Protein chains: 2
Amino acid sequence: MLTIALDAMGGDHAPRAEVEGAVLAARQLGVKVILVGRKELLIEELRKHEDYADLPLEVQHASERVTMEDSTQAVRTKADSSLKVASRLVRDGRAQGLVSAGNTGAVMATAKIVQGVVPGVTRPALAGVFPTIKGSPMVAVDVGANVDCSPRMLAQFAVMGEIYSRFILRRPHPRVGILSIGAEEHKGNELTRAAWPLLKSLNLNFIGNVEGQDIYSGDVDVIVCDGFIGNVALKVSEGVADMVKWLLKESLEATLSGRIGYLMSRTAFHELKKRLDYSEYGGAPLLGVRGVCIICHGRSNAKAIRNAIRVAAEFSEGKVNQRIEDELKQAASEKIVAKAD
Amino acid sequence: MLTIALDAMGGDHAPRAEVEGAVLAARQLGVKVILVGRKELLIEELRKHEDYADLPLEVQHASERVTMEDSTQAVRTKADSSLKVASRLVRDGRAQGLVSAGNTGAVMATAKIVQGVVPGVTRPALAGVFPTIKGSPMVAVDVGANVDCSPRMLAQFAVMGEIYSRFILRRPHPRVGILSIGAEEHKGNELTRAAWPLLKSLNLNFIGNVEGQDIYSGDVDVIVCDGFIGNVALKVSEGVADMVKWLLKESLEATLSGRIGYLMSRTAFHELKKRLDYSEYGGAPLLGVRGVCIICHGRSNAKAIRNAIRVAAEFSEGKVNQRIEDELKQAASEKIVAKAD
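Participant: How should I be thinking about the overall build of chain A in this particular structure?
Facilitator: Tallying secondary structure elements over chain A gives 12 helices and 11 strands in all. Since a compact globule built from 341 residues should have a radius of gyration of about 20 Å, the 21 Å found for chain A is in line with a globular shape. For chain A, the spread of C-alpha atoms along the principal axes amounts to about 65 × 60 × 35 Å. Across the 341 residues of chain A, 58% fall into the buried class. Here the contacts in chain A between residues at least 6 apart in sequence split such that 71% fall between residues at least 24 apart. If the 43 positive side-chain charges of chain A are averaged to one point and the 41 negative ones to another, these points end up 2 Å apart.

And the structure:
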C-alpha cells in the first residue's frame, strides 16, 4: 500500500486539521498515512474519529516542532522535529511522499537536504496550480523556491512542469511558456531572453513568451519564471481577489435591490469561492526532490490536507520523478540543460 | 494658460477619442490643448463639437503616425510623426506636457530623447496607479519602462513615486515599500536586498518590504520594483479581474435565483466596474522626463484622455519635476543616489 508521511504539527490548525485530513485520506483514498508529531496529541485527536483504529494510519513520535518564526539555523538544529522525522521516513523508503503545511522555507530546505535531489536537477522548484477561464488548471514553476535563477534552471523548470501537467493535471499536450512582458522573443529581461533558446531546443510544446494575464487565460498550461516573480504573481492574485470581493460587497450593499440581489445570489458566490479555493488543488509540489514533497498553505483545512495526500500519492504512482530524471538525461545528452550554473 | 500637447493619432480609437477628450478638457478644465496629427482629419472630428471654435484648442499638423507594430527603428525614422511633433512642442516650451495613447515603448523612447531627462535621474520610470481596499490610490514605480534595474534606480523610483503620491494623489505622508516576497530585510532577490539600505537612508517614510497583495491592501502608498515585475503585476491583476468576472457570471447564471440576483445587482456591478476602471486615474505618467509625459492605454476613451490631460496639467502646476530634481540633488549631496550605475 502506498504510504505518505504527514508532518502533523506543521499548519496553523495543527494537529487537528492534519489528523482529520489523514483520516479522510485513509478512509477515502486507500492510502496509508504515517502521522508524525507528538504521540499523545495525535492519539487524542485520532480518538475523535470513531473508525480510526480500522484505517491504514500509523503514528510516528517526534518531540520537536518547527514554527513559522524559526530561522533556517533553528530548523537545522531541531533534529527531532516532526518535519525532519517525516522527511526521513521518505528518505528511508518507509513512505513514498511527504506532506506538510508548515513553514514553507523550512519544508523546502529539509526535503532538499534530507530526501535529496533528483539526478539532473540543479535546484528543486515550487509548482503552483492556478484555475483558468477555460476551466483547465495551469501550473506555474517556480512560485517561491528560488529567488535568483539561471536560464538553465528555467529550462529544467519547464521540463518538470510539463511532466507535472501531463501526468498529474492530465493535460494531453501541455503548452509551455515563459512569463514575460511581451510575446516577442526579444521582449523581457536578461533571464527570459537567455532562457528562450534553451526552452526552444527542448522536446516541448514551447509557445514562447506569455504575459501576466495568461496565468488565468487558459491559453497556456505551464508557465516558467523565477521564484521571485512567481511568488509576487501569486500574492498579487490574492490581493486582487480580496479587492474585487470587497468592492462587490460594498457596491451590492449600497442599494436595497443590490442587497436583495446579493442574498439571492449567495449560492453563486459560494460556488465562486469554491472555484477560487486553491486548497481544491491540494497544495504546491516541490518538484525535483527525491520522493515527493507537497507543501500546503499554513491555514490548510482537513480537505486541503486530504487533497495534498491524494496529489502526493498520484505523484508517486505516476512516476513523476523517474520521468523528470529521464527527460533531463535526454536533454543533457543533447547538451541543452546539462550543466548546473 | 497651461498648454498640453496631445498626440491625437496615438490610440486605438484615434483621432475620435482624442479629439473628444481634448474638447472635454478644454471645456471643463480651463486647459489649452494642442491637437497634433493630420490636420484635415482633426478638423473633421472637431466639427462634430458645436462649441469647438470657442474653446482653447489648436491644431498642429503632423503628416506621419506611429503604429502599435512599429519597431524602435521605425519610430526613429518617422521625423514628422504626431508623437514626435507633440513631444517637440514640450521641448520647445510651447506646451507644458505631452499626452499620448500610442505605442507605449515608442512614447517612452520619444519623450526621453526629445524632451530629455530631469537632472539626477538615471532612467525615467512608468508609474501605475492602483485602487485599494481602503479607497486610497497606490502608485507603483516602475510598471514597464526598465526591465533590468539597479538598486540606485529603485531608490530614484522611490523619490519620484513619493513626490507623485504627495503632490498629485494628495497622500499626506506616503508610506514607501519595496515589492518583495517577505517582510524581512533579507527576504527578496539580489536587487531588493541591495536597494533596501539605499531606501532606508533616504528622507522618506520607508516601511520596508511589502508583498504582492499589498498593491491592493491600502497599507502602502508607493511601491517600487523593477519594470519587469511591475508590468507582470499589472497584467496579472487584469487576468484575475477577468477570471473573477467570468466565474461570477457563470455562477450567477447557473440558477434562476442567481439570474434574478444578477439582474437586481446590475447597478452595483456597473459601479464596481467604474471603480476598477484604471482610466479614472488618467493614464500612467513617465516620471523623470523633462516636461510631463502621460501615457494612456491604447484603448482609452474620451474620458480617459480628458483625465490624462488633467493629470498632465496638475503635474506641471504641482512642479513635480522641480521637486524631483531638488530631492535627488539633496540625496546626491548625501551620497545616496548620486551616481548612475
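Participant: Can you walk me through the environment of Ile4 of chain B in this structure?
Facilitator: All names here are of chain B. Turning to its location among the elements, Ile4 is positioned in strand β1 (residues 3–7). Judged by its relative accessible area of 0%, Ile4 is buried. Along the chain, Ile4 and Val129 lie 125 residues apart, while their C-alpha atoms are 21 Å from each other. Not counting the four nearest positions on each side in its chain, Ile4 is found in contact with Val31, Lys32, Val33, Ile34, Ala95, Gly97, Val99, Ile309, Ala312 and Ala313.

Participant: For this particular structure, what's the right way to read the interface of chain A and chain B?
Facilitator: Counting from both sides, the interface comprises 50 residues of chain A and, opposite them, 50 residues of chain B. Summed over both sides, the interface between chain A and chain B buries roughly 4700 Å², with carbon and sulfur atoms accounting for 77% of that surface. When residues of chain A are sorted by the area they lose upon contact with chain B, Ile133, Ile181 and Phe228 of chain A head the list and together hold 14% of the total. A salt bridge links Glu211 of chain A to Lys235 of chain B; its shortest N-O distance comes to 2.4 Å. Counting every contact that joins chain A to chain B gives 6 residue pairs in polar contact (both at pLDDT 80 or more). Mapped by element, the contributors of at least two residues to the side of chain A that touches chain B are α7 (190–201), α8 (227–253), α9 (256–264) and α10 (266–276) of chain A. By residue number, the principal contributor to the side of chain A that touches chain B is α8 of chain A, which donates 20 residues. Across the side of chain A that touches chain B, the residue classes tally to 26 nonpolar, 15 polar and 9 charged.

Participant: Honestly, the confidence of the model for chain A in this entry has me stumped. Any pointers?
Facilitator: Low pLDDT marks stretches whose predicted atomic positions should not be read closely. The pLDDT averaged across chain A works out to 90; a share of 93% of its residues lies at or above 70. This complex was scored by the predictor with a pTM of 0.89 and an ipTM of 0.86.

Participant: Help me understand the relation of the copies chain A and chain B, please; the structure alone is not making it clear to me.
Facilitator: Relating one copy of the chain to the other takes a rotation about an axis and a shift parallel to that axis. Of the two same-sequence chains, chain A is brought onto chain B (RMSD 0.0 Å, axial shift 0.0 Å) by a rotation of 180 degrees. Such a combination of turn and shift is consistent with a two-fold rotation axis. Closest approach to the rotation axis within chain A is made by the C-alpha atom of Gly261 of chain A, at a distance of 1.9 Å. Most of the interface of chain A is mirrored in chain B, where 100% of its interface residues are also at the interface.

Participant: Explain the packing of aromatic side chains here, please?
Facilitator: How two aromatic rings sit relative to each other is set out by the distance from centre to centre and by the angle between their planes. Evaluation of the coordinates by the stated rule reveals 6 aromatic pairs over all chains. With a centroid separation of 5.4 Å and an interplanar angle of 80 degrees, the aromatic rings of Trp196 of chain B and Phe206 of chain B are classed as edge-to-face. Highlighted residues: Trp196 of chain B in helix α7 (residues 190–201) and Phe206 of chain B in strand β8 (residues 205–210), separated in sequence by 10 residues. Overall, the relative accessible area of 12% leaves Trp196 of chain B in the buried class. You can call Phe206 of chain B buried: its relative accessible area is 13%. For the cation-ring pair, Arg323 of chain A lies above Phe167 of chain A, with the distance from its terminal atom to the ring centre recorded as 3.7 Å.

Participant: Would you take a moment to explain the packing of helix α1 (residues 16–28) of chain A against helix α11 (residues 302–317) of chain A for this structure?
Facilitator: A pair of packed helices is captured by two measures, namely the crossing angle of their axes and the spacing between those axes. All names here are of chain A. Viewed as axis vectors pointing N to C, α1 and α11 meet at an angle of 50 degrees, and their least axial separation amounts to 7 Å. Considering the angle they form, α1 stands oblique to α11. Relative to α11, the crossing made by α1 is right-handed. Of the residues in α11, those touching α1 at Ala17, Glu18, Glu20, Gly21, Ala22, Leu24, Ala25 and Gln28 are Ala302, Ile305, Arg306 and Ile309. Residue classes in the contact of α1 with α11 are distributed as 7 nonpolar, 2 polar and 3 charged.

Participant: Explanation requested: the pattern of salt bridges in the structure shown.
Facilitator: Think of it this way: side chains of opposite charge can pair up when their charged atoms draw near. Residues and elements named next belong to chain A. Across all of its chains, the model carries 28 salt bridges over all chains by this definition. Between Arg27 and Asp51 there is a salt bridge; the shortest N-O distance is 2.8 Å. With Arg27 in helix α1 and Asp51 in the loop between α2 (39–46) and β3 (57–61), the pair connects residues that are 24 residues apart, well separated along the chain. Residue class for Arg27 comes out partly exposed when judged on its relative accessible area of 42%. Here the salt bridges do not stand alone but share partners, grouping Lys32, Glu58 and Arg94 into one network.

Participant: I keep staring at unusual backbone geometry and nothing clicks. Help me out?
Facilitator: Most peptide bonds adopt trans geometry, and most residues besides glycine take a negative phi value. Residues and elements named next belong to chain B. Between Ala14 and Pro15 the backbone carries a cis peptide bond, its omega angle lying at 0 degrees. Secondary-structure assignment places Pro15 in the loop between β1 and α1 (16–29). Cis geometry marks the peptide bond from Val141 to Asp142, where omega comes out at 15 degrees. For Asp142, the location among the structural elements is in the loop between β6 (138–141) and α6 (151–167).

Participant: Teacher, can you tell me more about the packing of α1 of chain B against helix α2 (residues 39–46) of chain B here?
Facilitator: All names here are of chain B. Between α1 and α2, the least distance of the axes is 9 Å, while the angle of their chain directions is 55 degrees. On the basis of their axis angle, the class for α1 and α2 is oblique. Remark: the crossing between α1 and α2 carries right-handed chirality. The segment α1 lies against α2, with Arg16, Val19 and Val23 engaging Leu42, Glu45 and Leu46. Among the residues making up the contact of α1 with α2, the classes are represented as 4 nonpolar, no polar and 2 charged.

Thresholds applied
Sequence order as written defines residue numbering, which begins from 1 separately in each chain. The order in which chains are written sets their letters, starting at A; the order in which ligands are written sets their numbers, starting at 1. Two thresholds apply to this predicted model, a pLDDT of at least 70 for residue-level local features and 80 or more for giving and counting side-chain atom pairs, whereas whole-chain, interface and lining totals are computed over all residues. Water and hydrogen atoms were dropped before computing side-chain values, which therefore reflect all heavy atoms in the structure. Counting from the N terminus, the helices are the DSSP runs of H or I reaching at least four residues and the strands are the DSSP runs of E reaching at least two. Using C-alpha atoms as the atom set, the radius of gyration is obtained and then compared with a globule rule of 2.2 Å times the number of residues to the power 0.38. For the exposure calls, accessible area comes from a 1.4 Å probe over protein chains only, and a residue counts as buried if that area is under 20% of its type's maximum, exposed if over 50%, partly exposed in between. Only heavy atoms matter for contacts: two residues are in contact if any of them lie within 4.5 Å across the pair. The charged-residue count follows a simple rule in which Lys and Arg add positive charge and Asp and Glu add negative charge, with His and chain termini not counted at all. Where a charge lies is defined by one atom per residue type: Lys uses NZ, Arg uses CZ, Asp uses CG and Glu uses CD. The buried area of a pairing is the accessible area, by a 1.4 Å probe, that goes missing from both parts when the two are put together, added over both. Should a side-chain nitrogen of Lys or Arg be within 4 Å of a carboxyl oxygen of Asp or Glu, the pair is scored as a salt bridge. Contacts described as polar in this section are N or O atom pairs within 3.5 Å, which, within protein, must combine one atom able to donate a hydrogen with one able to accept it, while residues neighboring in sequence count only if both atoms come from side chains. Put simply, Ala, Val, Leu, Ile, Met, Phe, Trp, Tyr, Cys and Pro go in the nonpolar bin, Asp, Glu, Lys and Arg in the charged bin, and everything else, Gly too, in the polar bin. In predicted models, pLDDT denotes the confidence assigned by the predictor to each residue on a 0 to 100 scale. Superposing the copies works by least squares over the C-alpha atoms of residues that have pLDDT at least 70 in both of them. Classification of ring pairs rests on two measures: the distance between centres of Phe, Tyr or Trp rings, Trp counted by its six-membered ring, which must be within 6.5 Å, and the angle between planes, read as stacked under 30 degrees, edge-to-face over 60 and tilted in between. We count a charge as sitting over a ring when the NZ of a lysine or the CZ of an arginine lies within 6 Å of the ring centre and within 35 degrees of the ring normal. A fitted line through C-alpha atoms represents every axis, and for helices the fit uses only the stretch in contact; the resulting angles, taken between N-to-C directions, go from 0 to 180 degrees. Throughout, the term roughly parallel applies to angles under 35 degrees, roughly antiparallel to angles over 145, roughly perpendicular to angles from 65 to 115, and oblique to all others. Left-handed describes a crossing whose near helix is turned anticlockwise from the far helix through less than a right angle; right-handed describes the clockwise counterpart.

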